[in-house]
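Read off the chains here:
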Amino acid sequence: MRVGVWLLSLAWVLGCGGEEKKSGSSDADTAESDADADADADADADADADADGDADADADSDADADAPLILDLTSGFDHGCGLSIEGEPVCWGKNEEGQATPSAGPFYRLSAGAAQTCALRSTGAIECWTTVPNGLAEPPDMIFQSVTSGKSHSCGIDRDNALHCWGANNMGQSDVPEGRPFQFVAAGGLHTCAIDTGGTTTCWGQDNGDGRLLAPSVGLVSFSSGMAHNCGLDSGGNIYCWGSNEFGESTPPTGSYTEVTVGGQHSCAIDSYGVATCWGRNHMSQALPVDGRYTAISAGRVHTCGVNLQQAIVCWGDNAMGQSEPPESGTGLTVDTGATDTGTGWPG
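By convention here, each chain's residues receive numbers from 1 onward along its written sequence. Local features in a predicted model are, by the rule used here, given only for residues with pLDDT of at least 70; side-chain atom pairs are given and counted only at 80 or more, and totals for whole chains, interfaces and linings are based on all residues. The side-chain numbers reported here are obtained from all heavy atoms of the structure, hydrogens and water having been left aside.

(A) The arrangement of the side chain of H79 in detail. Numbering of helices and strands starts at the N terminus; helices are DSSP runs of H or I of at least 4 residues and strands are runs of E of at least 2. Along the chain, H79 turns up in strand 2 (residues 79-84). Looking at H79, the relative accessible area reads 0%, which means it is buried. We define a polar contact as two N or O atoms separated by no more than 3.5 Å, with the added condition that, inside protein, one atom must be a possible hydrogen donor and the other a possible acceptor, whereas residues neighbouring each other in sequence contribute only through side-chain atom pairs. A distance of 3.5 Å separates the side chain of H79 from the backbone oxygen of Q99, its partner in a polar contact. Here a residue-residue contact requires only that any non-hydrogen atoms of the pair lie within 4.5 Å. With sequence-adjacent residues up to four places away left out, H79 is seen in contact with W92, G93, K94, Q99, A100, A112, G113, A114, Q116, T117, H303 and Q323. Whether a residue is buried, partly exposed or exposed follows from its accessible area with a 1.4 Å probe, protein chains only, as a fraction of its type maximum: under 20%, in between, or over 50%, in that order.

(B) Region of the structure containing the state of the cysteines. Cysteine sulfur atoms are paired as a disulfide whenever they fall within 2.5 Å. Tallied over the full model, the rule gives seven disulfides. Residue pairing for C155: its cysteine sulfur links by disulfide to C165, the two sulfurs lying 2.1 Å apart. One disulfide, between C155 and C165, carries an S-S torsion of 105 degrees and so falls in the right-handed class. Taken together, the residues C155 in strand 8 (residues 153-158) and C165 in strand 9 (residues 163-167) connect sequence positions 10 residues apart. There is no split in this pair, since C155 and C165 are both buried.

(C) Seen up close, the pattern of salt bridges. Basic side-chain nitrogens of Lys or Arg form a salt bridge, by our definition, when they fall within 4 Å of a carboxyl oxygen of Asp or Glu. In total, this model carries four salt bridges according to the counting rule given. In this structure, the salt-bridge partner of R212 is D210, at a minimum N-O distance of 2.6 Å. Classification of R212 by relative accessible area gives buried; the value is 3%.

(D) Inspection of the environment of S256 at higher detail. By secondary structure assignment, the location of S256 is in the loop between strand 15 (239-243) and strand 16 (257-262). Spatially, the C-alpha atoms of S256 and I270 are 9.0 Å apart, while their sequence positions differ by 14 residues. Among all residues touching S256, those that are not within four sequence positions of it are G236, G237, D271 and S272. Within polar-contact distance, the side chain of S256 engages the backbone oxygen of G236 at 3.2 Å.

(E) Region of the structure containing the pairing of strand 15. The buried fraction of strand 15 is high, at four of five residues. Two elements, strand 14 (residues 229-234) and strand 15, share five bridges in a ladder whose sense is antiparallel. By the bridge assignment, L233 is partnered in strand 15 with I239. Pairing between strands requires that DSSP locate at least two bridges from one strand to the other. Here strand 14 folds back onto strand 15, and the loop between the two strands holds four residues, one of which, G237, carries a positive phi near 85 degrees.

(F) Expanded view of the confidence of the model for the protein. Counting all residues, the mean pLDDT for the protein is 82, and 74% of those residues have values of 70 or more. Note that pLDDT drops below 50 for residues 1-67; the model gives that stretch 17 contacts with residues more than four away or on any other chain. By definition, pLDDT measures how confident the predictor is in each residue, and it falls between 0 and 100. Within the model, the stretch residues 334-348 combines pLDDT values under 50 with 81 contacts to residues more than four positions away or in other chains.

(G) Spatial organisation of the sheet that holds strand 13 (residues 220-225). Ordered by their spatial adjacency, three strands build an open sheet running 13-14-15, and the pairing between neighbours is antiparallel. Two strands in the sheet have a free side with no partner beyond their single neighbour: strand 13 and strand 15. The mean angle between the axes of side-by-side strands here comes to 25 degrees, regardless of whether they run parallel or antiparallel. Here, axes are lines fitted to C-alpha atoms. For helices the fit covers the stretch in contact, and angles between N-to-C directions go from 0 to 180 degrees.

(H) Region of interest: the packing of aromatic side chains. Any two rings among Phe, Tyr and Trp, with Trp reduced to its six-membered ring, count as a pair given centres within 6.5 Å; such a pair is stacked if its planes are under 30 degrees apart, edge-to-face if over 60, and tilted if neither. Enumeration over the complete set of coordinates arrives at six aromatic pairs. A network of ring pairs unites the aromatic residues F184, F223 and W242 as a single cluster.

(I) Spatial organisation of the environment of C165. Note on C165: relative accessible area 17%, which makes it buried. Each C-alpha atom, one on C165 and one on T148, is 9.3 Å from the other, the two residues being 17 residues apart in sequence. Ignoring any residue separated from it by four or fewer positions in sequence, one finds C165 in contact with S154, C155, Q173, S174 and V176.

(J) Structural view of the sheet that holds strand 3 (residues 89-93). One open sheet holds the three strands; their spatial order is 1-2-3, and the pairing between them is antiparallel. Whereas interior strands pair on both sides, the edge strands pair on one side only; in this sheet they are strand 1 (70-75) and strand 3. Averaged over neighbouring strand pairs, the angle between their axes works out to 15 degrees when direction is ignored. Bridge count between strand 1 and strand 2: five bridges; the pairing is antiparallel. Bridging across to strand 2, T74 finds its partner in C81.

Structure (structure tokens):
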């Protein structure tokens with residue numbers, strides 16, 4: 001732009017401060033000269049604008065490149081794990097049973113329970129890290145397409161849509177219905193729910209008469225299971241919850257949502273704009289999202305974590321075990337605990 005201004009100034013000096021126009025000069029010549037100068041100025045201005053636009057685009061590209069991508073996020077009882085785009089897991093929070101000491105990746109899915117975390121490799125093999133016995137760290141040796149972890153058991157669907165569960169079974173939470181192929185599963189506290197390939201949702205395990213095993217007859221496409229309640233989404237993004245409702249955890253808001261997650265006694269969801277909404281028990285601010293917009297959200301027992309638009313993990317709620325303090329940048333993940341916008345659910 002500065003070059004264009006200099007050319008206009010020079011034209012003004014030559015036209016007004018130079019020799020008087022000779023009688024042989026024509027108005028047409030002068031007009032043509034002025035037009036050429038104007039054209040040069042416009043061309044220079046366009047070039048500057050293009051350069052500015054390219055610089056802005058490069059800056060945006062650089063900013064996007066600097067943001068680490070988070071492939072998956074999961075919150076367990078009192079710990080959490082995140083998965084970088086390279087497939088390397090990083091965990092934080094309670095680690096008394098080794099649930100926050102991950103194996104080396106690459107993985108592409110994670111699910112945290114109470115005393116364990118399980119991850120799915122691209123080969124279809126599942127690996128769990130925990131020091132707890134009773135088979136919790138021993139998934140079947142087969143090719144899986146999904147994994148979910150509850151309080152003391154885990155489940156996965158293999159490539160043939162057969163469902164398998166392992167770990168504790170004191171309440172029948174690992175007793176899979178026979179002869180039915182499944183497409184989705186979520187392990188809760190001491191119960192499990194799954195959607196078969198016909199679209200029917202079935203639950204089994206502990207039943208305290210609170211309705212946690214009484215799934216709605218609507219067509220759900222996904223859901224999350226917690227200690228004693230569950231919440232799911234239909235194809236229109238409507239939320240349906242069933243089970244314990246002592247703190248309003250099974251009374252969801254109306255509207256259309258893209259993801260829902262269930263914790264101990266609270267639930268959260270994000271809509272298509274990335275706005276997070278939580279409901280249920282809030283004695284530790286676990287149902288009070290940090291301001292911002294999110295691409296993923298996962299509720300733990302008494303805390304919640306989300307991934308914001310800057311690919312930072314943000315957590316709120318109880319932090320007695322460090323479960324709301326994800327790692328700083330440099331691990332492939334970043335954390336932002338401020339109140340500005342800078343798995344899939346628990347446990348499952």
